[in-house]
Amino acid sequence: MPDQDVTGYKCRSCSTVAYPQHALCPTCGHDGFDPVSITGEGSVLTYTDLYALTLAYTQRYLRLAIVQLDSGLRATGHLLDPDPQLGKRIRTQIGVVREVDGRKIYGLQFVPV
Amino acid sequence: MRPVAILGVGMTKFGRSDLTLAGLMSEASVAALRDAKLGNRSVDAVVVANMGAARVNRQTAIASALVDRLNLFPAAAETVENGPASGASAVKVGVQAIAAGMADVVLVTGVERMRAVNNLEATDFVASLSHPEAEYVYGVTLPSLAGMFARLYMSRYGLTRRHLALVSIKNHNNAMRNPYAHIHQAITMEGILDAPEARVNNPPIAEPLHLYDCCPVSDGAASLVLASLDVAQQLNRPAVTIAGIGQATDTHAVQERSDPTELSAVRLAADQAFERAGLGPKEIDVAELHDAFTILEIAESEAAGFFPRGEGHLALEQGVTSLGGTLPINPSGGLKGRGHPVGATGVAQMVELTWQLRGEAGTRQVPDARNGFACNFGGFGNNVVATVLRSERRENA
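Predicted model only: the values in this text are computed from it and were never measured.

K.L.:
Break down the overall build of chain B for me, with residues and values.
P.N.:
Tallying secondary structure elements over chain B gives 15 helices and 11 strands in all. Here chain B has a C-alpha radius of gyration of 20 Å; the compact-globule value for 397 residues is 21 Å, and the two agree. The principal-axis extent of the C-alpha atoms belonging to chain B is close to 60 × 55 × 40 Å. Taken over 397 residues, chain B has a buried fraction of 62%. Restricting the contact set of chain B to residue pairs at least 6 apart, pairs at least 24 apart contribute 77%.

K.L.:
Can you lay out the pairing of strand β1 (residues 4-11) of chain B for me, pointing to particular residues and giving the numbers?
P.N.:
Along a regular strand, successive side chains alternate from one face of the sheet to the other. Residues and elements named next belong to chain B. Extensive coverage of β1 is indicated by the burial of eight of its eight residues. The sheet contact formed by β1 and strand β8 (residues 240-249) spans two bridges and is antiparallel. Residue pairing for β8: A5 is matched across the bridge by T241.

K.L.:
Before we move on, could you go through the domain arrangement of chain A and cite the residues and values that matter?
P.N.:
Residues and elements named next belong to chain A. Domains assigned within chain A are domain 1 (2-36) and domain 2 (39-112). Computed over C-alpha atoms only, the centres of domain 1 and domain 2 are separated by 22 Å. Taken together, the residues of the side of domain 1 that touches domain 2 sort by class into three nonpolar, two polar and one charged.

K.L.:
Describe unusual backbone geometry, listing the residues and the values that go with them.
P.N.:
Trans is the prevailing form of peptide bonds, just as negative phi is the prevailing case for residues other than glycine. With omega at 0°, the peptide bond leading from Y19(A) into P20(A) counts as cis. Within the secondary structure, P20(A) sits in the loop between β2 (17-18) and β3 (33-37). Cis geometry is adopted by the peptide bond preceding P74(B), which originates at F73(B) and carries an omega value of 0°. Here P74(B) lies in the loop between α3 (62-70) and β3 (76-80).

K.L.:
Explain the sheet that holds β2(A) to me, using residue names and the numbers behind them.
P.N.:
One open sheet holds the three strands; their spatial order is β2-β1-β3 (chain A), and the pairing between them is antiparallel. A single partner strand is all that each edge strand has here, and the edge strands are β2 and β3 of chain A.

K.L.:
Can you explain helix α11 (residues 264-277) of chain B? Please cite residues and give values.
P.N.:
Residues and elements named next belong to chain B. End to end, α11 covers 20 Å across 14 residues, agreeing with the expected 20 Å (1.5 Å per residue, within 8%). Among all positions of α11, only A265, V266, R267, A269, A270, A273, F274 and A277 are buried. On its buried face, α11 is in contact with β8, α12 (294-303), β10 (371-378) and β11 (383-391). Where α11 ends, the next residue or the one after it, G278, has phi of about 70°, a positive value.

Quick notes on the rules
Residues numbered from 1 in each chain as written. Chains lettered and ligands numbered in written order. Predicted model: local features only at pLDDT ≥ 70, side-chain atom pairs only at ≥ 80, totals over all residues. Helix = DSSP H or I, 4+ residues; strand = E, 2+ residues; numbered from the N terminus. Rg over C-alpha atoms; globule rule 2.2 N^0.38 Å. Buried ≥ 20, exposed ≤ 12 C-beta atoms within 10 Å, placed from the backbone. Contact = placed C-beta atoms within 7 Å. Pairing = 2+ DSSP bridges. Domains from an automatic or database assignment. Nonpolar A, V, L, I, M, F, W, Y, C, P; charged D, E, K, R; others polar. Expected span 1.5 Å × (residues − 1).

Okay, here's the thing in structure tokens:
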């Protein structure tokens, strides 16, 4: 479903993909973009187990990570790995990352390859 | 540019307060105005620093409220919101007004009344500064960004949780000497790290950061009275001047930084402040850094130029940054010990430095302090204001 995709923005002038969105391309300053899905494999750059959660979450802790994707982009999301390690290979998937007033919000999850 | 002096300083005790937002602002402001001894000189402008009153206290346009409380009509007034760097940003606005000749005397007051809501709500309020689509939606909070930063930093430079604990112990001990500090609790390595019960005393918040790596949620206010140096000299006040202010920004989402362990906005803001002051890091006698998390004191001490990259923890270990060391950092207790009412913090850092540079810091006085440095760190390093303060006291023959 398109509204579940996490979208990057490919510059129509220099082809650089930016994520998250900027009004002007961070590389060349152009203002036209085509949406591309943030997807693929990569590795864990860093992660944390967050115990002090905000109101949206009821679980004991949340395992958050910043990953380095092979495409060159980085992304922040939920790391679904019982044995996390720096540099470990992952791939992206889309799943529920938050619920607001009973509405499911989809976003990036990272699972071991 | 007209040089700007700090004529008066004041603050409330930080912690949990029964005062209203206006009550907190008034207490700090009256203390600063009394300290400034303005005589019949009026205050031309009021700048209030605050991040969350609209959300947390359901009150807006609070600079006008402060003017009313203090009967400072018809002084100009505005509120500055720049996340956790609001305090130093408001000072910058005041300095600019004086430097531009639009005001001679400016009252700057930073305030936050965060304990009005529970900790979950306070955490969420601060997390609202993170990137909405790339960070916040995932449950990202400031502690989680600090935890991810700390894990990468520690793996790269060989820091351990023991180094982080040293920051916490130092700043708690300094806060014991500061009557305005939120936390008056001496802690030990045994109690927060080594003893079996440390697992209970010091639970994880955002691994590898634990409770004693994170600043408390505080109420409080801090104030400065700024004036042009010529007004300060007319009033014959012992002058501390704002020698230089620098500011720099960085990407909103931490993931987009080419090196996420580099606090480039701290480096750029500090370089600019030093350049404008005509001073370098080696000439600084005392520093107040933004230790919202213990790792940040170490990383900022490097990015600001006090120590080489990756060596801040070695200076810490050797006692360089302790009271009695060659560069005491956070003699006030820092955000960890003094507390962190977000809008007030940047102002409170300069209140402490002013006391230090005037020789009025009591049992936490850094001997012969002449030049001070403050780093007020907004976002997770995406908006940083650095300030160099200088004592204009003449040496007695």
